[in-house]
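Next come the chains, spelled out residue by residue.
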Amino acid sequence: MITGKTRLTGLLGSPVKHSISPLMHNEAFRQLELDYVYLCFETGEEQMEETVRALKTLNVRGFNCTMPVKLRMYELADRLSPAAELIGAVNTVVNDQGILTGHNTDGIGYMSAVKEKGYDIIGKKMTLLGAGGAATAIAVQAALDGVAEIALFNRRGRSWERAQKLTDLLNQKTSCHVTLHDLEDQGAMRLELADSTLLTNATSVGMSPREESSPIADPTVLHERLVVSDVIYNPRETLLMKQAKARNCSTFNGLYMLLYQGAAAFELWTGKQFPLEEIRAKYF
């Protein structure tokens, strides 16, 4: 029921039409009888400044950011949480009387998902693909939580410098050993995966409408001791995950990461505990 007092929350990014966040959050609002609504807004990087200004003017309570606008929101926030400042990207914004505070709950969401699925990667090695907002959040949280080594792969291009800065930051600020490699270097990929426990795709490769793409050019680099995860959840089984299953790897997608990071965002906006078990049972 929409009233004259209903507070607006939502999701910015592109594409967002596939997102299950509106189902998840609106059901949580309903269960707790909170007068909020959650909507999706298709927004590219070039539209962010205008969009954020409009949302602030309309006094929205807060919003999530997904690819490709997390880095841009980092620049536009009035304040940053310690996690967002370290990560350099924002996935959740809280509006307090016109002051927009940027948070990042992605890393906590991902590490909670790994634990939920029953995998232990603490003290072990992971291989991470990408250096955008999600990848950075995952790398930072994994390093802080005690993952011993991260092999980071990224395409050479405009984001390579960001990937190098992330590598240097983690090597300087944490006890985790991080190395950076070109995503096109299949020799390095095979070598790093050989002793990795977990492979995580944090790029958009494989996301709808690019379902026929995979960040792994040669699936023979995947071995059966490897757990393969994808932050993508639409489609629920990406080409990468199909490749991994064919190689007898354990797999999981981005749904549980979405659940846990969404729960943290919900609590920031409302001050109420997210009905985790009920939402998991209904949508996950």
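See the structure shown above.
Residues numbered from 1 in each chain as written. Predicted model: local features only at pLDDT ≥ 70, side-chain atom pairs only at ≥ 80, totals over all residues. Heavy atoms only, no water.

**Q** Requested: an account of helix 9 (residues 239-246), with residues and values cited.
**A** Among all positions of helix 9, only Leu240, Met241, Gln243 and Ala244 are buried. The arc that holds every buried residue of helix 9, seen down its axis, measures 155°, which confines them to one face. Considering only its buried residues, helix 9 is in contact with strand 10 (198-201), strand 11 (227-230) and strand 12 (250-252). Immediately downstream of helix 9, the backbone of Asn248 shows phi near 65°, a positive value. (Buried < 20%, exposed > 50% of the residue type's maximum accessible area, 1.4 Å probe, protein only. Helix = DSSP H or I, 4+ residues; strand = E, 2+ residues; numbered from the N terminus. Arc of directions from axis to C-beta. Contact = heavy atoms within 4.5 Å.)

**Q** Could you give me a rundown of the pairing of strand 7 (residues 125-129), with the residues and numbers involved?
**A** Burial runs high along strand 7: five of the five residues are buried. Side chains Lys125, Thr127 and Leu129 project from strand 7 onto one buried face, and the interleaved Met126 and Leu128 project onto a second face that is buried too. Note that strand 7 and strand 8 (residues 149-154) share five bridges and pair parallel. Opposite Thr127, over in strand 8, you have Ala151 as the bridge partner. In the classification by handedness, the crossover that spans strand 7, the intervening helix 6 (residues 133-145) and the parallel strand 8 is right-handed. Note: strand 7 against strand 10, four bridges, orientation parallel. If you follow Met126 over to strand 10, its bridge partner there is Leu198. (Pairing = 2+ DSSP bridges. Right-handed = clockwise from strand over helix to strand, strands pointing away.)

**Q** Which residues make up the sheet that holds strand 1 (residues 7-13), and what are the values?
**A** On the basis of which strands lie adjacent, the open sheet formed by six strands has the order 2-1-3-5-6-4 and mixed pairing. The sheet terminates laterally at strand 2 (36-42) and strand 4 (79-80), the two strands that pair on one side only. Relative to strand 2, strand 1 is paired through seven bridges, and the arrangement is parallel. In the strand pairing of strand 2, Leu12 is matched with Phe41. Where helix 10 (residues 255-270) meets the sheet, its contacts fall on strand 1, strand 2, strand 3 (62-65), strand 5 (92-96) and strand 6 (99-103), and the angle it forms with strand 5 comes to roughly 5°. (Axes fitted to C-alpha atoms, helices over the stretch in contact; angles between N-to-C directions.)

**Q** Tell me about the environment of Asn253, residues and numbers included.
**A** Among the secondary structure elements, Asn253 is positioned in the loop between strand 12 and helix 10. A residue is classified by how much of its surface remains accessible, and Asn253, at 14% relative accessible area, is buried. Along the primary structure Asn253 and Met241 are separated by 12 residues, whereas in three dimensions their C-alpha atoms are 8.1 Å apart. Filtering out sequence-adjacent residues up to four positions away, Asn253 remains in contact with Asp230, Ile232, Arg236 and Met241. Polar contacts involving the side chain of Asn253 include one to the main-chain carbonyl oxygen of Arg236, which spans 3.0 Å. At 3.1 Å, the side chain of Asn253 and the backbone nitrogen of Leu255 are in polar contact. (Polar contact = N/O pair within 3.5 Å; in protein donor to acceptor, adjacent residues only side chain to side chain.)

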